[in-house]
Amino acid sequence: MKKVVTCSQMKLLDYGTIHNMHVPSLVLMERAALATAEEIRKYLEKKNSPGNLEKERILAVCGSGNNGGDGIAIARLLHLAGIYSEIYLAGNPDKMTEETRHQWEIARNYGVPATNNPVWDEYTVIVDGIFGVGLSREISGTYKEIIHCINQSRAYKVAVDIPSGIHGDTGAVLGIAFQADLTVTFAYRKRGLCFFPGRAYAGRILVADIGIYDRNRDGSGLADQAAWHLEKRDVETLPARSAWGNKGTFGKVLLVAGSKGMCGAAYLSASAALHGGAGMVKLQTVEENRIPLQSLLPEAMVTCEFDEASNEKNLNWCDVLVIGPGLGTERVGKERLLWFLKNGTKAGKPVILDADGLNFLAMNPQWLEYLNQQTILTPHMGEMSRLTGRTISGLKADPAASAWEFAKKTGCVCVLKDACTTVADGDGSLYLNLSGNCGMATAGSGDVLSGMIAAVLCMYLSSTENRDISYKTALAVYIHGLCGDIAREKRGTHSMTAKDMIEALPEILKLAENLE
């Protein structure tokens, strides 16, 4: 699990390292340049035979801020390594920062050539050191023309810290943006490198350690409210399955799902829960779905009774409750949802509200009073728009803020599904998911996710490890994305289906058992 920072948090971390820990700014700049130059050198050596780099031509396009200083230092390091490198100062030399002016003087002392009129197609690698993470205005004028020309060139393109023109917090394109093949970012990943389109403009992303750490002299953190992203090593920390446990030990999931002619969503969610490790799964559905579901998933139990006594019995039986997949929007679906939502949260059960459950909630905002810290909502952007009354474009402008504000308002865990899914809770925890791909935008994918979340919650029932429900939810979202990545490898993004994601679950969960 690694931190993801905002521009303001990164600025605070820079300041703390320089002024509190007394690491000179030029030292950090030099380390940033060394890390980037090394990645460029690796690329060139892989591209060419060893020592055969005489045809390579590097151009560092530099602004007058510290990002430009990084670019100037990169050109100097590659020049000294025997690789032809030039500097194009796109920024105003009269407005150079002190550090950038210092790097410019060093480069001139070492005889690094500079150009005022680059012919873009003459270069094999172009380094973007124009703007850093602090850019917030739209790019126009000469800068816009320069970035347009670079993007049209055939050169391999490397961004320093973040592609120029990408908003460091939201990933939005500020008029135009540098289209990188590689982005070397420093210390921590920036939010703008998680959200699209920024993530797509960044190409391959490498986080380089340059000596900036989230700590102060007294041991406190400088960016304690940073977001997080999970990694495969987090999957490896899933609780081990007890050798002496039984099916009850490993969790019982009740799915209130399905309606007449709509059993597919219920099946996918239940199947994901079972394949994800839940010990027992019971489907509370309508009579028309009994035979299809029993045929499709004989491992699950099916009940069609809906009365006070049966409901109480089913609620007492389960450990985790999933409400909504394929529930429909008819009166009977509304009654089923209201009873289990109201009584499930009252009983202290983790409740996952998905699909039609969210649509009913949007139509009945008074039901928000039934949500609590054990409630997990999984809206996609359209459902979130209906829940909040905000436009989809408004939500997409800052998904992290949108999810966090809704979680804070309702007290629940919000899983805002998008190309980069955001998980937030009312206490300020925030996770940005980096697994998954566009092939997961297919029918049933969300139903699979609801079942996977239930399965992960079940894994922790018999564990002594204490984890926040938001972390468990984020871990399920990450696993869901990994399953989508395996499905893409086997089927391709055009042909993969939700069922392919379920079939990939065993391969991912083997990581937790060291069976790979």
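Look a little higher up for the structure.
As a starting point, this report considers the structure included with it. These numbers were taken from a predicted model, which means no experiment stands behind them.

Calculation criteria
- Residues numbered from 1 in each chain as written.
- Predicted model: local features only at pLDDT ≥ 70, side-chain atom pairs only at ≥ 80, totals over all residues.
- Heavy atoms only, no water.
- Axes fitted to C-alpha atoms, helices over the stretch in contact; angles between N-to-C directions.
- Helix = DSSP H or I, 4+ residues; strand = E, 2+ residues; numbered from the N terminus.
- Parallel < 35°, antiparallel > 145°, perpendicular 65-115°, else oblique.
- Left-handed = near helix turned anticlockwise from the far one by under 90°.
- Contact = heavy atoms within 4.5 Å.
- Buried < 20%, exposed > 50% of the residue type's maximum accessible area, 1.4 Å probe, protein only.
- Pairing = 2+ DSSP bridges.
- Nonpolar A, V, L, I, M, F, W, Y, C, P; charged D, E, K, R; others polar.
- Phe/Tyr/Trp six-rings, centres within 6.5 Å; stacked < 30°, edge-to-face > 60°.
- Lys NZ or Arg CZ within 6 Å of the ring centre and 35° of its normal.
- Core = buried A, V, L, I, M, F, W, Y, C linked by side-chain atoms within 4.5 Å.
- Expected span 1.5 Å × (residues − 1).
- Salt bridge = Lys/Arg side-chain N within 4 Å of Asp/Glu carboxyl O.
- Right-handed = clockwise from strand over helix to strand, strands pointing away.
- Lys, Arg positive; Asp, Glu negative; His and termini not counted.
- Polar contact = N/O pair within 3.5 Å; in protein donor to acceptor, adjacent residues only side chain to side chain.

## Focus on the packing of helix α3 (residues 66-80) against helix α4 (residues 98-109)
Line of reasoning, step 1. Viewed as axis vectors pointing N to C, α3 and α4 meet at an angle of 20°, and their least axial separation amounts to 8 Å. Of the possible angle classes, the one that applies to α3 and α4 is roughly parallel. Between α3 and α4 lies a crossing whose hand is left-handed. For the pair formed by α3 and α4, the contact residues are Asn-66, Gly-68, Gly-69, Ile-72, Ala-73 and Arg-76 on the first element and Glu-99, Thr-100, Gln-103, Trp-104, Ile-106 and Ala-107 on the second.

## Digging into the pairing of strand β6 (residues 182-186)
Each regular strand shows side chains that alternate between the opposite faces of the sheet.
Line of reasoning, step 1. Where burial is concerned, most of β6 is hidden: five out of the five residues are buried.
Line of reasoning, step 2. Where strand β5 (residues 156-160) meets β6, three bridges bridge the pair, whose relative direction is parallel. By the bridge assignment for β6, Val-158 is matched with Leu-182.

## Some details on the packing of helix α8 (residues 264-275) against helix α16 (residues 445-459)
Line of reasoning, step 1. Packing of α8 against α16 brings their axes to within 7 Å, and their N-to-C directions diverge by 30°. Classified by chirality, the crossing of α16 by α8 is right-handed. Here α8 contributes Ala-265, Leu-268, Ser-269, Ala-272 and Ala-273 to the contact with α16, which in turn contributes Asp-447, Val-448, Ser-450, Gly-451, Met-452 and Ala-455.
Line of reasoning, step 2. When its residues are assigned to classes, the contact of α8 with α16 shows seven nonpolar, three polar and one charged.

## A few points about the packing of aromatic side chains
Line of reasoning, step 1. In this structure the tally under the stated criterion is five aromatic pairs.
Line of reasoning, step 2. Lys-282 extends its terminal NZ or CZ atom over the ring of Trp-317, reaching a point 4.6 Å from the ring centre.
Line of reasoning, step 3. Directly above the aromatic system of Tyr-471 lies the positively charged group of Arg-467, at a separation of 4.1 Å from the ring centroid.

## So, the nonpolar core
Line of reasoning, step 1. Counting residues in each nonpolar core, the largest one holds 63 residues, and the members touching the most others are Val-235, Leu-238, Val-253, Val-281 and Ile-479.
Line of reasoning, step 2. At the level of elements, β10 (252-256), α8, β11 (280-284), β13 (320-323), β16 (413-416), α16, α17 (469-491) and α18 (498-509) are the ones that each hand at least two residues to this core.
Line of reasoning, step 3. For this core, the element with the most residues is α17, which contributes twelve residues.
Line of reasoning, step 4. Setting aside its immediate chain neighbours within four residues, Ile-479 contacts Val-235, Leu-238, Val-456, Leu-505, Ile-508 and Leu-509.
Line of reasoning, step 5. With 42 residues, the next largest nonpolar core counts Met-280, Leu-358, Leu-361 and Tyr-370 among its residues.

## Topic: helix α11 (residues 331-346)
Line of reasoning, step 1. Taking 1.5 Å per residue as the helical rise, α11 with its 16 residues ought to reach 22 Å, and the 23 Å between its terminal C-alpha atoms agrees with that figure.
Line of reasoning, step 2. All of the buried residues along α11 are Gly-333, Arg-336, Leu-337, Trp-339, Phe-340, Leu-341, Gly-344 and Thr-345.
Line of reasoning, step 3. Gly-348, located one to two residues past α11, shows a positive phi value of around 80°.

## Examining the pattern of salt bridges
Line of reasoning, step 1. Scanning the entire structure with this criterion turns up 23 salt bridges.
Line of reasoning, step 2. A salt bridge links Lys-190 to Asp-161; the nearest nitrogen and oxygen atoms lie 3.0 Å apart. You can see Lys-190 sitting in strand β7 (residues 189-190) and its partner Asp-161 sitting in the loop between β5 and β6, a full 29 residues away along the chain.
Line of reasoning, step 3. On the accessibility criterion, Lys-190 (2% relative accessible area) is buried.
Line of reasoning, step 4. Given the relative accessible area of 11%, Asp-161 is considered buried.
Line of reasoning, step 5. Note that Lys-396 and Asp-418 form a salt bridge whose closest N and O atoms lie 3.0 Å from each other. A residue pair is termed long-range when its members are at least 10 positions apart, and Lys-396 in helix α14 (residues 392-397) and Asp-418 in the loop between β16 and β17 (422-424) qualify at 22 residues.
Line of reasoning, step 6. Classification of Lys-396 as partly exposed rests on a relative accessible area of 39%.
Line of reasoning, step 7. Shared partners join several salt bridges into a network, and the residues in it are Lys-2, Glu-231 and Arg-233.

## Quick look at the sheet that holds strand β2 (residues 58-62)
Line of reasoning, step 1. The six strands lie next to each other as β3-β2-β4-β5-β6-β8, forming an open sheet whose pairing is parallel. Every interior strand has two partners, whereas the edge strands, β3 (85-89) and β8 (204-208), have only one. Taking each pair of neighbouring strands and ignoring which way they run, the sheet shows an average axis angle of 20°.

## Looking at the pairing of β10
Line of reasoning, step 1. Here β10 lies mainly inside the structure; five of its five residues are buried.
Line of reasoning, step 2. Two elements, β10 and β11, share five bridges in a ladder whose sense is parallel. Its bridge partner lying in β11, Leu-254 is registered against Lys-282.
Line of reasoning, step 3. With α8 bridging β10 and its parallel neighbour β11, the resulting β-α-β unit is right-handed.
Line of reasoning, step 4. Two elements, β10 and β13, share four bridges in a ladder whose sense is parallel. By the bridge assignment for β13, Leu-254 is matched with Leu-321.

## So, the side chain of Lys-349
Line of reasoning, step 1. With respect to the helices and strands, Lys-349 occurs in the loop between α11 and β14 (351-353).
Line of reasoning, step 2. Here Lys-349 sits buried without a salt bridge, and the closest side chain of opposite charge, Asp-319, lies 5.4 Å off (N-O distance).
Line of reasoning, step 3. Engagement of the side chain of Lys-349 in a polar contact is seen with the backbone oxygen of Leu-315, the distance being 3.3 Å.
Line of reasoning, step 4. Sequence-distant contacts of Lys-349, that is, excluding residues within four places in its chain, are made with Leu-315, Asn-316, Cys-318, Asp-319, Gly-344 and Gln-374.

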